[in-house]
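Observations on chain architecture
Chain residues, written in single-letter form:
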Amino acid sequence: MTDTLDRPTETHAFQAEVSRLLHLMVHSVYSNRDIFLRELISNAADACEKLRYLALETPALLGDDGNLAITLAADPAAKTLTVADNGIGMTRDELIENLGTIAKSGTKAFLKAVGEGAKSSNLIGQFGVGFYSAFMVASRVVVTSRRAGSDQAWTWISDGINGYDIRPAEGDEAPARGTVIRLELNDESTTYADEATVERIVETYSAHVPVPVTFVKAGEDAKALSDGSALWAKPKSEITKEAYKEFYGNVSGQWDEPAMTIHYKAEGRHEYSVLLFVPSMKPFDLFDPARKGHLKLYVRRVFIADDVDLLPHWLRFARGVVDSEDLPLNLSREMLQHNPVLEAIRKNVTSRLLSELAKLAESDAAKFAEIWEAFGPVLKEGLYEDAERRDELFKIVRFRTTASGEATRTLADYVAGLKENQTKIYYLLADDPARAAASPHLEGFAGRGVEVLLLTDPVDAFWVRTALGFEGKPFQSVTQGASDLDAIPLVDAAEPTPDAETATGTVALVARLKELLGDKVSDVRTSNRLASSPSCLVAPEYGPDKQFEKIMARHQGAAPFGKPVLEINPRHPLILAVVAKLGGDESLVEDAAVLLLGQARVADGEAPDDPADFGRRLAHVLEKALGA
Ligand SMILES: Nc1ncnc2c1ncn2[C@@H]1O[C@H](COP(=O)(O)OP(=O)(O)OP(=O)(O)O)[C@@H](O)[C@H]1O
C-alpha cells in the first residue's frame with residue numbers, strides 16, 4: 001500500500017469544540033468504548049441511504065455498483081480495524097466541514113452537559129456522539145473518501161490531538177466510491193481487531209441497520225454479520241425486545257431504554273408500516289425553537305427524509321420510522337409538504353400514539369408517569385395548538401394539584417372530587433410547584449376542601465386561557481376575578497359572620513385604602529379567598545391572568561394589561577386592627593395600606609412597588625410594635 005505520508009499535505013487545526021470533545025472522549029476512561037463501532041456503522045449506513053435516495057433521481061451515481069453495503073475488515077497483526085461503505089462519500093470540503101467541526105446540536109448539548117458536571121461516561125453511553133468516538137480506540141484515524149460521481153478521492157488523517165492533515169488519495173488507496181475509515185488501534189484497544197469482539201458489538205448495537213454488514217478478516221472469506229433487512233417490515237412475533245431497543249438506538253441516536261414501542265402495519269386506503277418509540281429520557285433538543293419531529297420517512301424500504309412532519313410538533317419526542325407502500329419514490333420537497341397520503345398517515349399515527357399513551361396510562365401507571373414527567377409539557381402544547389385533539393389529550397394529561405401530593409391527578413379525578421355547589425375547575429398558574437402550593441390565594445379553597453390545579457409549565461398559561469372547559473366545567477384562575485366561593489360550604493366551621501359594626505368598619509377601610517393607594521390598584525375589596533393571610537392581589541375579571549402577564553412580559557416585554565385588585569381578608573386580626581385605627585392614628589393606617597399591598601406583591605414573588613418606602617414603613621411599624 002502506498003504510504004500516504006509521501007503526498008502533498010495540508011494541515012488543519014480542529015475547531016476548539018472538537019478539541020474539547022476529543023479530549024473528553026479519550027479521557028473518559030469509564031465509558032463503554034465499544035460504542036465507537038456502532039457510531040461508525042451508523043454513519044456508514046446513513047451514507048448508503050443518502051446515496052440510495054439521490055440515485056432515485058440520478059441513477060448514474062450508483063454506476064455499476066448498486067449493492068450498497070458496509071464492510072468491516074480487521075487485521076490483528078497490523079492492529080487495525082477498517083469500516084468501509086460504498087455510500088455517498090465526502091468531497092474534500094465535506095471532509096473538512098464534517099470531520100473538523102461540530103455542527104450537531106446534540107454534540108453541543110453533550111459538551112454543555114459535561115461542562116455542567118454531568119458524568120461524561122454516562123452521557124457517551126446514552127447519546128450518539130458520532131465519528132469522533134473513534135479516537136477512544138485509535139491512536140490514528142485515516143479516512144479516505146470519494147464522493148459518488150467524483151473523479152477525485154481524499155484522505156484525512158488525524159491523531160485526534162493536533163488537528164488533521166488532508167491530501168488527495170490515489171491509486172489503490174482510493175475507494176471507487178464511498179468512505180473507508182481505518183483505525184490504527186491504540187495499545188489498550190487491540191481487541192477490536194478480533195473477529196469475536198467485532199461480531200459481538202455488531203450483534204449488540206448494529207444488527208438491524210438497514211444496510212448489510214459483512215466482516216472480513218485479513219486473508220479470509222467475507223462473513224455476513226447482518227442482512228440489512230428492515231426490522232419494521234418483519235412480523236412482530238419475530239422481533240425481540242433487544243432488537244427493538246437496538247433499532248431504537250440506531251434510529252434515534254439515543255441509547256436509553258425506550259419507554260414505549262409501537263409497531264403496526266396499516267392496511268386499507270393507504271398501506272404503510274410504523275415503528276415508533278417514546279424515549280424514556282428527554283432528548284436535548286426537546287425545546288429547540290424549531291420543534292422539529294424526528295420520524296424517518298421511507299418509501300418501500302428506501303429512506304426518503306427525516307425532516308417531514310409526520311407528527312404534530314407537540315409529539316416531537318417520538319422517534320422511529322414510517323414506511324409507505326403507496327407513495328412514489330421520486331417525491332419532491334413540495335410533494336412532501338402537501339401530500340394527502342402523508343396527511344392521512346400523520347392523522348393516523350397521531351391518533352395511534354395518543355390512544356397507546358391512554359392505554360398505557362390505564363395499564364401501567366408508573367411507566368406512563370415516567371413518560372409524563374419527561375414529555376408532559378410538550379404534550380400540553382397540543383392543548384393549545386390542536387383544538388381538535390384537545391378532548392383526546394384531556395384524557396391523558398396529568399396535573400399536580402393541591403390534593404395530589406407527589407403524585408398526579410387527571411381531570412376526570414378532579415371532576416369526580418368536585419365539592420357541593422362547585423361549578424368550576426380552579427387552577428393556579430405559578431413558576432414552580434412549591435411557590436404555587438404556598439400561595440395565599442389558595443387559603444379559601446383549602447378551607448372548603450376545593451382542589452386547585454397547580455399549573456407550573458409556561459405552556460399552561462396559554463392553553464388554559466383558550467380551553468373552554470372539561471365536562472362542562474370551565475377553567476377558572478384562583479388569582480383572577482372575584483372569588484365565587486360563597487356557595488361552597490366550609491369544611492370545618494361556618495365562617496363567623498362579622499357583626500354590623502365590624503362590617504361597617506371594613507367598608508370604611510376599603511374606601512380609605514382606595515384613597516391611599518390611588519392608581520396603584522384598580523380596586524380594593526374584601527374576599528373570602530383568604531384565611532390566614534391579610535391580603536392578596538388578583539387580576540381583574542376580564543383580561544389576562546397575572547402569571548400569564550408575567551410570562552408575556554418576560555418573553556416579549558409586553559406591558560401589563562391593567563392594575564391588579566387588592567383583596568383584604570375581613571376576618572384577619574391585622575385587618576380588624578387597622579379598622580380600629582381608622583379616624584385615629586392615620587400614619588399607621590397609611591403604613592398599613594402600603595404594607596398590605598407590598599406584602600401581597602412579595603407573596604406573589606415580586607418586589608413592592610417602591611421597596612425603599614416599603615422598608616421605611618415596615619421599620620416604622622416594627623418600632624411601634626416593639627416599643628423601640
Ligand atoms: N461514512 C461516512 N460517509 C459519508 N459521510 C460521513 C460518514 N461518516 C461521517 N460522515 C459525515 O460526517 C458528519 C459528522 O458525523 P458524526 O458521526 O460526527 O455526526 P452525525 O452522523 O451527523 O450525527 P449522529 O451521529 O447523531 O447521526 C455526518 O453528518 C456526515 O455528513
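The structure presented is a predicted model; accordingly, all values stated were derived computationally and were not measured. (Residues numbered from 1 in each chain as written. Predicted model: local features only at pLDDT ≥ 70, side-chain atom pairs only at ≥ 80, totals over all residues.)

A count of helical and extended segments in the protein chain gives 20 helices and 21 strands. Here the C-alpha radius of gyration of the protein chain, 33 Å, is well above what a compact globule of 628 residues would show, namely 25 Å. Principal-axis analysis of the C-alpha atoms places the extent of the protein chain at approximately 105 × 60 × 40 Å. Taken over 628 residues, the protein chain has a buried fraction of 40%. Sequence-distant contacts in the protein chain: of pairs separated by 6 or more residues, those separated by 24 or more amount to 73%. (Helix = DSSP H or I, 4+ residues; strand = E, 2+ residues; numbered from the N terminus. Rg over C-alpha atoms; globule rule 2.2 N^0.38 Å. Buried ≥ 20, exposed ≤ 12 C-beta atoms within 10 Å, placed from the backbone. Contact = placed C-beta atoms within 7 Å.)

Following both chains from N to C, one finds helix 19 (residues 586-603) and helix 20 (residues 611-626) inclined at 120°, their axes separated by 9 Å at the closest point. Classed by the angle they form, the pair helix 19 and helix 20 counts as oblique. In this structure, the crossing between helix 19 and helix 20 has a hand that is left-handed. Residue-level inspection shows Asp591, Val594, Leu595 and Gly598 of helix 19 in contact with helix 20, the latter providing Asp613, Phe614, Arg617, Leu618, His620 and Val621. Here the contact of helix 19 with helix 20 is built from residues that sort into five nonpolar, two polar and three charged. (Axes fitted to C-alpha atoms, helices over the stretch in contact; angles between N-to-C directions. Parallel < 35°, antiparallel > 145°, perpendicular 65-115°, else oblique. Left-handed = near helix turned anticlockwise from the far one by under 90°. Nonpolar A, V, L, I, M, F, W, Y, C, P; charged D, E, K, R; others polar.)

Moving on to the sheet that holds strand 20 (residues 535-538). If you walk across this open sheet you meet the three strands as 19-21-20, and the pairing is mixed. Single-partner strands in this sheet number two, and they are strand 19 (523-526) and strand 20. Ignoring which end each strand starts from, the neighbouring axes of this sheet average 25° apart. One ladder, built from four bridges, connects strand 19 with strand 21 (residues 565-568); its direction is parallel. Looking across to strand 21, one finds that Thr526 is bridged to Ile568. (Pairing = 2+ DSSP bridges.)

We now examine the confidence of the model for the protein chain. A residue-level look at the protein chain finds 94% of positions with pLDDT of 70 or above and a mean pLDDT of 89. For residues 1-5, every residue scores under 50 in pLDDT, and the model assigns this stretch eleven contacts once sequence neighbours within four places are set aside. Among the scores for the predicted complex, ipTM is 0.98 and pTM is 0.83. (pLDDT = per-residue confidence, 0-100.)

All right, on to the site of the ligand then. Around the ligand lies a shell of 18 residues, among which Asn43, Ala47, Asn98, Gly130 and Phe131 are the nearest. Counting residues per element, the ones that place at least two in the shell around the ligand are helix 2 (35-57) and helix 3 (92-100). For the shell around the ligand, the element with the most residues is helix 2, which contributes four residues. When grouped by side-chain class, the residues that make up the shell around the ligand number six nonpolar, nine polar and three charged. (Near = placed C-beta within 6 Å.)

Judged by nonpolar contacts, the single largest core of 69 residues is most densely connected at Ala318, Val322, Tyr427, Leu428, Val452 and Leu453. Taken domain by domain, the makeup of this core includes at least three residues from each of domain 2 (232-371) and domain 3 (400-626). Those residues in contact with Tyr427 that lie beyond four places of it in its chain are Val452, Leu453, Leu455, Val464, Phe475, Ser477 and Val478. (Core = buried A, V, L, I, M, F, W, Y, C linked by C-beta atoms within 7 Å. Domains from an automatic or database assignment.)

Along the chain, the position of Glu57 falls in helix 2. Placed 565 residues apart in sequence, Glu57 and Leu622 show a C-alpha to C-alpha distance of 82 Å.

The residue Asn421 is not glycine, and still its phi comes out positive at about 70°. Relative to the helices and strands, Asn421 is located in the loop between helix 12 (411-416) and strand 16 (425-429). The class for Asn421 is exposed, based on 12 C-beta atoms found within 10 Å. Unlike most non-glycine residues, Glu471 shows phi in positive territory, near 50°.

The terminal C-alpha atoms of helix 9 (residues 340-363) lie 34 Å apart, and with 24 residues this matches the ideal 34 Å at 1.5 Å per residue to within 8%. Those residues of helix 9 that sit buried are Leu342, Ile345, Arg346, Val349, Thr350, Leu353 and Leu357. Contacts from the buried residues of helix 9 go to strand 10 (260-266), strand 11 (272-278), strand 14 (319-324), helix 8 (333-337) and helix 11 (390-396). (Expected span 1.5 Å × (residues − 1).)

Moving on, we come to the domain arrangement of the protein chain. One frequently used descriptor of interface size is the decrease in accessible area upon assembly of the parts. Annotation of the protein chain at the domain level lists domain 1 (10-229), domain 2 (232-371) and domain 3 (400-626). Put simply, the middle of domain 1 and the middle of domain 2, counted by C-alpha atoms, are 27 Å apart. Facing 20 residues of domain 1, the contacting portion of domain 2 comprises 19 residues. Looking at the side of domain 1 that touches domain 2, the elements with two or more residues in it are helix 2, helix 4 (105-115), helix 5 (120-126) and helix 6 (195-205). Among the elements that line the side of domain 1 that touches domain 2, the one with the most residues is helix 2, at six residues. The class makeup of the residues in the side of domain 1 that touches domain 2 is seven nonpolar, ten polar and three charged.

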